[in-house]
Every structure is written in C-alpha cells, then in structure tokens.
Amino acid sequence: MNVRTSGSVADACPAASPDTHGVSDARGAREAPLPGLGGLGLDPDDLPDGLVVADENGRVTCFNAAAARITAVAPREALGRSLESALPFEDLEGRRWWPLTDPYGGLTTRIGQPERNLLLPGGREVLVSARYVRERPNGPVRRLVVQLRGTEARRRTERSHAELIATVAHELRSPLTSVKGFTATLLAKWERFTDDQKRLMLETVDADADRVTRLIAELLDISRIDSGRLEVRRQPVDVVAAVRRHIQAYTAAGQPEERFRVEVEDPLPDLWADPDKIDQVLGNLLENAVRHGAGTVTIAVSPALTKARTEGTAVTVSDEGPGIPEESMSRVFTRFWRGSKRGGTGLGLYIVKGIVEAHGGTITVERAVRGGAQFRFTLPVGAPAFLTQG
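Keep in mind the model is a prediction, meaning the values are calculated, not measured.

A. Here's a closer look at the overall build of the chain. The secondary structure content of the chain amounts to 10 helices and 12 strands. A buried classification covers 41% of the 390 residues belonging to the chain. Sequence separation of 24 or more characterises 57% of the internal contacts of the chain that already satisfy a separation of 6 or more. Approximately 21800 Å² of the chain is accessible, and the part contributed by carbon and sulfur atoms is 51%.

B. The arrangement of the pairing of strand β12 (residues 373-380) in detail. Here β12 lies mainly inside the structure; 7 of its 8 residues are buried. Looking at chain direction, strand β10 (residues 311-318) and β12 are connected through 7 bridges and run antiparallel. What sits directly across from threonine 313, in β12, is leucine 379. Pairing geometry for strand β11 (residues 362-367) and β12, over 6 bridges, is antiparallel. Pairing of glutamate 366 across the sheet is with glutamine 374, part of β12.

C. Spatial organisation of the confidence of the model for the chain. The share of residues in the chain with pLDDT of 70 or more is 85%, and the mean pLDDT across the chain is 83. Long-range and interchain partners of residues 1-11, a stretch whose pLDDT sits below 50, account for 25 contacts in this model, where long-range means more than four residues apart. This model gives residues 15-33 a pLDDT under 50, and the stretch forms 38 contacts once residues within four places in sequence are excluded.

D. Layout of the sheet that holds β10. Taken in spatial order, the 5 strands of this open sheet run β7-β9-β10-β12-β11, and their pairing is mixed. Strand pairing shows two members of the sheet lacking a second neighbour, β7 (260-264) and β11, which therefore form its edges. For this sheet, the mean angle separating the axes of adjacent strands, direction not counted, is 15°. Here β7 pairs with strand β9 (residues 297-305) via 5 bridges, running parallel. Among the inter-strand pairings, phenylalanine 260 is bridged to a residue of β9, identified as valine 297.

E. Structural detail: the packing of aromatic side chains. On inspection of all chains with the given rule, the structure shows 3 aromatic pairs. Here the aromatic rings of phenylalanine 89 and tryptophan 98 are separated by 6.1 Å at their centres, their planes lie at 50°, and the arrangement is tilted. Exposure class is identical for phenylalanine 89 and tryptophan 98. Each is buried.

F. Region of the structure containing the UniProt feature "domain: PAS" (unreviewed entry) in the chain. Look at the UniProt record and you will see "domain: PAS" (unreviewed entry) annotated at residues 45-83. With 31% helix and 23% strand, residues 45-83 has end C-alpha atoms that lie 19 Å from one another.

G. Inspection of helix α6 (residues 195-227) at higher detail. For α6, built from 33 residues, the straight-helix expectation of 48 Å at 1.5 Å per residue is met to within 8% by its first-to-last C-alpha distance of 48 Å. Listing the buried residues of α6 in full gives Lys198, Met201, Val205, Asp208, Val212, Leu215, Glu218, Asp221, Ile222 and Ile225. Looking one or two residues beyond α6, the residue adopting positive phi is glycine 228, at roughly 70°.

Conventions adopted
- Residues numbered from 1 in each chain as written.
- Predicted model: local features only at pLDDT ≥ 70, side-chain atom pairs only at ≥ 80, totals over all residues.
- Heavy atoms only, no water.
- Helix = DSSP H or I, 4+ residues; strand = E, 2+ residues; numbered from the N terminus.
- Buried < 20%, exposed > 50% of the residue type's maximum accessible area, 1.4 Å probe, protein only.
- Contact = heavy atoms within 4.5 Å.
- Areas by Shrake-Rupley, 256 points an atom, 1.4 Å probe, with all protein chains shown as cover.
- Pairing = 2+ DSSP bridges.
- pLDDT = per-residue confidence, 0-100.
- Axes fitted to C-alpha atoms, helices over the stretch in contact; angles between N-to-C directions.
- Phe/Tyr/Trp six-rings, centres within 6.5 Å; stacked < 30°, edge-to-face > 60°.
- UniProt positions renumbered as here; feature names shortened; annotations may be inferred.
- Expected span 1.5 Å × (residues − 1).

See below:
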C-alpha cells in the first residue's frame, strides 16, 4: 500500500484532492474515489466530524483533521496501519471493538454500526459510527467509512437536562407542598377556621397553582424552542397598546404610575407577529425591570432596521437599577441565569430569546444610560406576501 504518511493533516485523505481520486497501491492500481468527496472537490478536512476510511484490507487510507483532534492521534501514526492498531477502541465493558464487530466478516447483509460511545487508551471517549461499503449486495466490504464525534456536546446536553430536572423539581416542590398542606388542613378542620382564614388559604393555593401552571408552560416553551417546533401565528400586533396593558396591570397591582415612561417614535410600521408570544416577551422584560431594577422603567418603541436591513420594529426596556455585571452579560440569555436571588426559575430570558428569534428577530442586553439594564429586541414587520406585492 503506497500511502502518504507526512505530518500534514491535509495530506491524510488524498482521495479528496482534485488530482487524486483514489489511493495508489504498489502495482499502480487505484481504488474508487471516496463517494461524495473527490467528485465534488470537497476536502475531508472541511468536515465538522472525524472521518476515517479503511480499504478492503482494513488499512487506514484517510484520516482527516477532525479525527486527529477528536482522537489525539496524529495522521502519520494512523495512515497505512490497520484500524485495530490505529484506533484500538474498547466498549464500556472493556471489550475490544473491532474484533467484536468484525466489519470485514460476519453477515454480508450488514451495512454498518450505529453510533455508540467507545473508549481509546487513556480513557478518551469518542462517539463512533461506521458504514460498510460494498460494490454489490452481499459482496465483500470494499471500504469501511467511520465517523467520529467528540462527547463534549453530548455531555453539555446531559448536564443541561440534569440541571433542568433539578430546577423543575425544586420549583415544583414548594408550591405543591403549600397546596397539599392548605387543602389537607381545610379538609380536616374546615369548621375551625373563620371565613377570612379560609379565604387567605384558598388565595394562597390559587397563587401556587398559578405558579405551577407557569412553570409547566415554560417547560413546554423550552421543549418547542430546543426542537425548533415553536409555532408563530402572525397577526397584526399593536405593540404600544400591549405595552400600555402591561403597565396598567402593574399600576392596578400597586406600582406607582410615575414609575413607567413610554416613548413612541411615529410612524411605526405595521407589525405582524404572534400577539400572545409578544405579550410573553414584554411581560418577562417588564417583570425583570420592575423586580430587579429600580427607578423609572422606560419602554421605547420605534421603527428600526433588522440585521437583514429590512423594515422592523424595536422595543427597548430599561431601568435605573444596579444593572447587570459586565462579566454576566454573555450569560443573560442562557438557561438558569438569575440576576439576583429574588425568585424566578432563570428560564424566562432564555424563552424570550427563543421567541424573538422564532420571529426572525434579535435581542440584546447592555447597560442603560442611567446605569440599569437595557434590553432591546427588534422584530421584522413579518407582513404576509399578499400585503407586500405590488
């Protein structure tokens, strides 16, 4: 086998070279090009995942840059060697992987191996899947194509899910304990309480039930955002009227009217968006400003250009509180971020960002002119096609 063994990763997969569509053996014969790579002029080093290719004899003929990074094996140490010696994988039970799967033997109907977690010497974990390439059905394996991926992304996802479960369990325990305690007490000792006492306990149960409902709604939103299934049902939306409704609710609950200032720059473009989700965004940003900020809360609505330089509407919510530390700015829209320890699940701003982006918009945070936090989101007008045509 005449395989290049220089240290250059770019040379590790000669099949992708425009001049070399296969690997020459000692007799000058050439293997078939790697499907989808050499014919398209695509360099295997451009692939985000590790790519390892072995010939019909199990010798490594391609080892791209991502494979070198994921396995910490240099291409010159892998090329020309057998798969078993170049990548001595073991499963989580300590069994040697290549003899166990026997890709070149066994049933000729096999087409590959699904992805699984394997170990290299030293304990390095790698996600490995394989494809068996045959020239004809039930024929011998002519090429073994192995895909490698690191485990860091999966570990981050698993940690995120574990944190989510722990947070949800904690947030649910408190209101459910309260609900159970008050309802059990009322059922057992109803006649001993005055009407005012009963009302107080029932109001507490009602508030805690609302808290559980909000948490469940947040979890559903996160699920839809993470899976890309968040639906946006566009209708004409009056953002200014929505802002004033939220302010009215706060003043009715006891906040002074002078704490809120609304600034509108006319004329505003007609905005088509999901009114319920825009209400959710405004409600969350205003709640953050009222709860965690101080002084006057200013809501500014103005026409703006989106990132794509199209017509849009911008809404800015700012306060005069202590603001957000500079080192925390990059984490504001991540899960479980809390600006303070005064309640909340830390999921609200993550959901806000998901809703805004589902509309094709953007959201940013920075320090306000008067020292507090300033959130600004911009939405494209989202007008239906029949309104924008001729």
